[in-house]
Amino acid sequence: MARELRLNAFAMNCVGHQSQGLWRHPRDRSAEYWRLNHWVELARLLERGKFDGLFLADVVGVYDVYGGSPDTALREAVQVPTNDPLLIIPPMAQVTENLAFAVTVNLSHEPPLPFARRMSTLDHLTDGRIGWNIVTGYLDSGAKGAGRGQQVAHDTRYDIAEEFMDIQYSFWEGSWEDDAVRRDHEAGVFTEPGKVHRVSHDGEYFKVDGVHLCEPSPQRTPVLYQAGSSSKGTAFAAKHAECVFVGGHSRSKTATDVAKLRALAAESGRAPSDLLVFGLVTVITAATDEEAEAKFEDYKQYVSAPGALALMGGWTGIDFSKPELVAANAANSNAIQGAAAAFTRGGPSEHVDVDSIGRSVGLGGGGPVLVGGAKKIADELEAWAAESDLDGFNLAYVVMPETFSDVVDHLIPELQRRGSFKKEYAAGTYREKLFGRGARLEETHPAATRRRKSL
């Protein structure tokens, strides 16, 4: 039987997300990111296509590594201006019934209790259709804007994340017992005080003493995404994540990375199937191969090479305006180490100069760009899934919303015809739809140790 793929639309509450310069295309509407109807219509489109979720990226900070200045990022709209991704979720949830929302939030800039409340609130308002993409940040500009002198060292950020997760699990899973809320009109008791517990934590990075402010939401803990590719990041994902986002151009390399992830999950006491792995792909499709190729050629005219290099500078911490320093600085990146390795001399993508890096990330942000009619693209996605053991894909856009409209109108019907994509949504919360089991995290997940059994 064909593997049933899961598909997320990959977007960001900004102008230029993964394809730099394409905001100038006459059919692109990404510059309308600040309009509520922009997101409402996108949500309706994705639900019509039975997309599993909308994966919302985010950064706190500007890309100012390239040339030592934010000027290129500002001029080229390289993920700036950017608005808060959480605030657009409730209106999208209101006009959909099944589409889920995985939102990126940088834990390095979040106080534990207010963050726990915001995610529980979103889980309530979406009827359990919320996920959290756990990131630790990579921009010095973001750390400085948040009141820190500079970005914390890469591995230390994951130590902080471990402590942060432990606190969140205590709030979401352990602070309120399942039957704490009585809603007893006659007795005048809404919540049973003895069934709400304080979270007391005195750690190296956080000191917390308080109760969670929200009653239990449908999933309690949101569906957990993670995208770390370093050794620390991979170990973190294997322990905590339910969905892992990976990138790369090589099927064999991706297969190796996925196998490592699943093996590490098993070592952590989880089942390898507890992880769903999504690959980054950009799809350019149309009614025929020829029409898709024509779109591709049209799109390439609008690519901004400086914008692409500014984006890569932020991802890697390397100033690509100084080619002579690229190789020397790659091994010492304090940003996204996987990106630094993949897009520098001698890396897996075998880029030989800065120009080749710019061309590679100009469309799609460094992941594979698949061009063709529905049958050709379906063949490619199925091959990637089979050879790399991927469960699905995060589909980046080139032109908003045209890329997603083309996927809905051309690709998804072909995948459905093959049995590679669902024809109807499953019932239940995001977690139930993804895994076909309960709304709560599995007992083998570390969050389960924070649960209290009601007597």
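Residues numbered from 1 in each chain as written. Predicted model: local features only at pLDDT ≥ 70, side-chain atom pairs only at ≥ 80, totals over all residues. Heavy atoms only, no water.

Asks: Whenever I open this one, the overall build of the protein chain confuses me. Can you help?
Replies: In terms of helices and strands, the protein chain carries 16 helices and 13 strands. Against the compact-globule benchmark of 23 Å for 455 residues, the protein chain has a radius of gyration of 22 Å, which places it among compact chains. With the C-alpha coordinates aligned to their principal axes, the bounding extent of the protein chain is approximately 70 × 50 × 45 Å. Buried residues in the protein chain amount to 58% of all 455 residues. Taking the intrachain contacts of the protein chain between residues at least 6 apart in sequence as the baseline, contacts between residues at least 24 apart amount to 76%. Total accessible area on the protein chain is roughly 18,300 Å²; 51% of this is exposed by carbon and sulfur atoms. (Helix = DSSP H or I, 4+ residues; strand = E, 2+ residues; numbered from the N terminus. Rg over C-alpha atoms; globule rule 2.2 N^0.38 Å. Buried < 20%, exposed > 50% of the residue type's maximum accessible area, 1.4 Å probe, protein only. Contact = heavy atoms within 4.5 Å. Areas by Shrake-Rupley, 256 points an atom, 1.4 Å probe, with all protein chains shown as cover.)

Asks: Can you help me understand the packing of aromatic side chains in this one?
Replies: Here the distance between the centres and the angle between the planes together describe a pair of aromatic rings. For the coordinates displayed, the defined rule picks out 14 aromatic pairs. Considering the side-chain rings of Phe115 and Phe164, the 5.7 Å spacing of their centres and the 50° angle between planes classify their relative orientation as tilted. Taken together, the residues span a long stretch of sequence, with Phe115 in helix H4 (residues 112-125) and Phe164 in helix H6 (residues 154-174) at a distance of 49 residues. Just as Phe115 is buried, Phe164 falls in that class too. Following the ring pairs from residue to residue traces out a cluster consisting of Phe10, Phe55, Tyr225, Phe245 and Phe278. Lying across the ring of Phe296, Lys300 places its NZ or CZ 4.5 Å from the centre. (Phe/Tyr/Trp six-rings, centres within 6.5 Å; stacked < 30°, edge-to-face > 60°. Lys NZ or Arg CZ within 6 Å of the ring centre and 35° of its normal.)

Asks: How should I be thinking about a negative patch on the surface in this particular structure?
Replies: A cluster of acidic residues, Asp289, Glu290, Glu291 and Glu293, forms a negative patch on the protein surface. Relative to the helices and strands, Asp289 resides in helix H9 (residues 289-300). (Patch = residues over 30% accessible without salt bridge, like charges linked within 9 Å, V, L, I, M, F, W, Y side chains within 5 Å. Salt bridge = Lys/Arg side-chain N within 4 Å of Asp/Glu carboxyl O. Lys, Arg positive; Asp, Glu negative; His and termini not counted. Charge placed at Lys NZ, Arg CZ, Asp CG, Glu CD.)

Asks: Help me understand the nonpolar core, please; the structure alone is not making it clear to me.
Replies: Generally speaking, soluble globular proteins have nonpolar side chains that are buried together. With 80 residues, the main nonpolar core has Phe51, Leu54, Met119, Trp132, Leu381, Phe393 and Phe404 as its most contacted residues. The greatest single-element share of this core, amounting to 9 residues, is contributed by H6. Setting aside anything within four residues of it in sequence, one finds Phe393 in contact with Leu5, Arg6, Leu7, Asn8, Phe278, Gly279, Val281, Leu381, Trp384 and Ala385. In terms of nonpolar packing, the next biggest core, distinct from the first, is built from 35 residues, Tyr63, Cys243, Leu276 and Leu280 among them. (Core = buried A, V, L, I, M, F, W, Y, C linked by side-chain atoms within 4.5 Å.)

Asks: Would you take a moment to explain the packing of helix H7 (residues 231-240) against helix H8 (residues 251-267) for this structure?
Replies: Relative orientation and spacing of two packed helices are given, respectively, by the angle between their axes and the distance between those axes. In the contact formed by H7 and H8, the axes pass within 8 Å of each other and the chain directions differ by 55°. Judged by the angle between their axes, H7 and H8 are oblique. Handedness of the H7/H8 crossing: right-handed. Residues Thr234, Ala235, Ala237 and Ala238 of H7 form the contact with H8, whose own contacting residues are Lys260, Leu261, Leu264 and Ala265. Residues that form the contact of H7 with H8 fall into these classes: 6 nonpolar, 1 polar and 1 charged. (Axes fitted to C-alpha atoms, helices over the stretch in contact; angles between N-to-C directions. Parallel < 35°, antiparallel > 145°, perpendicular 65-115°, else oblique. Left-handed = near helix turned anticlockwise from the far one by under 90°. Nonpolar A, V, L, I, M, F, W, Y, C, P; charged D, E, K, R; others polar.)

Asks: Would you explain H8 in this entry?
Replies: An α-helix turns once every 3.6 residues. As a result, residues three or four positions apart point the same way. The end-to-end C-alpha distance of H8, which contains 17 residues, comes to 24 Å, matching closely the 24 Å that a straight helix rising 1.5 Å per residue would cover. Within the sequence span of H8, burial applies to Thr254, Val258, Leu261, Arg262, Leu264 and Ala265. Looking straight down H8, one finds that the buried residues subtend no more than 160° of arc, so they occupy a single side. Exposed residues lying more than 90 degrees from the buried face of H8 are Ser252, Thr256 and Glu267. (Expected span 1.5 Å × (residues − 1). Arc of directions from axis to C-beta.)

Asks: I'm lost on the pairing of strand E12 (residues 369-373) in this one. Help?
Replies: Both faces of the sheet carry side chains from a regular strand, because those side chains alternate between them. In terms of residue burial, E12 counts as a mostly covered element, since 4 of its 5 residues are buried. Pairing of strand E11 (residues 276-286) with E12, which is carried by 5 bridges, proceeds in the parallel orientation. Residue Thr285 lies in a different strand from E12, and its bridge partner there is Gly372. (Pairing = 2+ DSSP bridges.)

Asks: Teacher, can you tell me more about the pattern of salt bridges here?
Replies: Opposite charge on two side chains permits pairing when their charged atoms draw close. What the rule picks out here adds up to 39 salt bridges. For Asp379, the salt bridge goes to Arg418, with nearest N and O atoms at 2.7 Å. Here the residue Asp379 occupies a position in helix H14 (residues 374-388), and Arg418 occupies one in helix H15 (residues 402-418), the gap between them amounting to 39 residues. Look at Arg418 and you get partly exposed, because its relative accessible area is 24%. Linking Glu443 and Arg451 is a salt bridge whose minimum nitrogen-to-oxygen distance equals 2.8 Å. We classify Glu443 as exposed; its relative accessible area is 55%.

Asks: So what exactly am I meant to see when it comes to unusual backbone geometry here?
Replies: Where the residue is not glycine, phi is negative for most of them; where a peptide bond is considered, it is trans in most cases. Cis geometry marks the peptide bond from Val80 to Pro81; its omega dihedral reads 0°. Summarising the element assignment, Pro81 is placed in the loop between helix H2 (71-76) and helix H3 (89-94). Looking along the chain, the bond that leaves Met400 and enters Pro401 is cis, with omega of -5°. Take Pro401: it is sitting in the loop between strand E13 (392-396) and H15. Within the chain, Asp127 stands out as a residue other than glycine whose phi angle is a positive 55°. Tracing the backbone shows Asp127 in the loop between H4 and strand E4 (130-135).

Everything listed here is a matter of geometry and, on its own, says nothing about what the molecule does.
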